Amino acid sequence: MYPRLLVNLEKIKENTGIVLEICKKHGIEILAITKGFCADPQIVEVMIQAGIKTIGDSRILNLKKLESYNVVKVLIRIPMLSEVEDVVKYCNVSYNTEIKTIKGLSLAAQKNGKRHKIIIMIDKGDLREGVYSLIELEEIIQETLRLKNIDIVGFGINMKCFGAIIPTEKTLEELTVTTKQLADKYKLNVNTLSGGNSSSFYLIETERFHGINNIRLGEALILGTEASFNKIIPGCYNDAFTLEAEVIEVKEKPSIPHGKLALNAFNKVPSFDDRGNIKRMICAIGSQDIDFDFIIPKDDSLRILGGSSDHFILDCTLADVDYKVGDIVSFTLGYMSILRVMNSPYVEKVFLNSKF
Ligand SMILES: *Cc1c(COP(=O)(O)O)cnc(C)c1O
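These lines cover the structure that appears in this document, whether it is placed above or below. (Residues numbered from 1 in each chain as written. Predicted model: local features only at pLDDT ≥ 70, side-chain atom pairs only at ≥ 80, totals over all residues. Heavy atoms only, no water.)

1. So, the site of the ligand
And step 1. The environment of the ligand is formed by 13 residues, the closest being Lys 35, Ser 198, Arg 216, Gly 218 and Glu 219.
And step 2. With respect to the ligand, the backbone of Gly 218 contributes an N or O atom lying 2.9 Å from an oxygen atom.
And step 3. Within the backbone of Glu 219, one N or O atom sits 2.9 Å away from an oxygen atom of the ligand.
And step 4. For the ligand, the protein covers 93% of the area, taking 390 Å² as the surface of the free molecule. (Near = heavy atom within 4 Å. Polar contact = N/O pair within 3.5 Å; in protein donor to acceptor, adjacent residues only side chain to side chain. Areas by Shrake-Rupley, 256 points an atom, 1.4 Å probe, with all protein chains shown as cover.)

2. Thoughts on the pattern of salt bridges
And step 1. Applying the stated rule across the entire model yields 16 salt bridges.
And step 2. Here Asp 239 makes a salt bridge to Lys 11, at a shortest N to O gap of 3.2 Å. Residue Asp 239 is found in the loop between α9 (219-222) and β10 (241-254), and its partner Lys 11 is found in helix α1 (residues 9-25); the two are separated by 228 residues along the sequence.
And step 3. Assessed through its relative accessible area of 26%, Asp 239 is described here as partly exposed.
And step 4. By relative accessible area, which is 11% here, Lys 11 ends up buried.
And step 5. With a closest N to O distance of 3.2 Å, Glu 174 and Lys 170 form a salt bridge. Taken together, the residues Glu 174 and Lys 170, both in helix α7 (residues 169-186) and 4 residues apart, mark about one turn of the helix.
And step 6. Take Glu 174: its relative accessible area is 31%, and that puts it in the partly exposed class.
And step 7. If you follow the salt bridges from partner to partner, you end up with Lys 124, Lys 170 and Glu 174 in one network. (Salt bridge = Lys/Arg side-chain N within 4 Å of Asp/Glu carboxyl O. Helix = DSSP H or I, 4+ residues; strand = E, 2+ residues; numbered from the N terminus. Buried < 20%, exposed > 50% of the residue type's maximum accessible area, 1.4 Å probe, protein only.)

3. Description of the side chain of Glu 83
And step 1. Looking at the secondary structure, you find Glu 83 in the loop between β4 (72-75) and α4 (84-90).
And step 2. The charged side chain of Glu 83 is buried without a salt bridge, its nearest counter-charge being Arg 77 at 5.1 Å.
And step 3. For Glu 83, the residues in contact, after removing those within four places along its chain, are Ile 60 and Leu 75. (Lys, Arg positive; Asp, Glu negative; His and termini not counted. Contact = heavy atoms within 4.5 Å.)

Encoded structure:
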């Protein structure tokens, strides 16, 4: 049945092992981030087999799925006030920036006879989540210390998700210095300094990881790449996920649409190069299953033209293969496409246990 996704579990396991080894050498613990693949239990399982001890996800529903796994579970997206009950129930730790939510977590923990650990996020310029001012940071700490059922166990930063700002040696140094001062001033028992996501990995390799002891990695484990410069981590596999889609139309047509112009399926006016008539093929998959910017044909003579919610159009003019209706085309996936495919009920998932 097509389209289908082939997930090579052995490659993910090897990536995890290699990255764990590098981090261990520098005294850094990995929080394995599972949101990029909907916390699929088969993938989580091979990560645990490779040595992962803590799992993080942005969604409670994903962590709930992993309830029976004996690992520390961390909610890495700032909780919704409406989900605090589930947060204390299904997670050991959550990342936070709002005192109102922290108070909610404390009440929920109290109701359930539990203690809940929090890590406070500090914004270092990427401008997604994080406390921005030092004054507010101190206020949050002071108020949290008055709460009965919350323990502040660490601080963290997140980079390169919204503003495209990558962490530098200075970012990490500032995090270490700030938290040391706060820990001393408020006598905090800080055991986690979380230095960011896969975009911080390049700093570990250059041993510029000032006092940081934790890194949150999704991409590095599943794609084997660091996320600041998109370089492959030596020895890792970038192709653990392969998508196979079926060709439903092959025709020679112009390279530029013609007729009266309006907006396309994405409310945009696309632009095209005139290359005369080209051979175009359509695969039966679309933007609800993949992200056209995060997918690469294995046949590198194919060129992606784009598509719509259920159609994926490629230029096969220069291909050696004489593509025909019914043929299967293979693609390597990037982060956003993996996420969409895993979320799509229209794509069959096949898990492979051998590297080849
Ligand atoms: C998604 C996310 C991560 C993991 O990012 P990768 O680039 O996949 O390593 C880490 N931390 C937070 C807060 C995230 O939202």
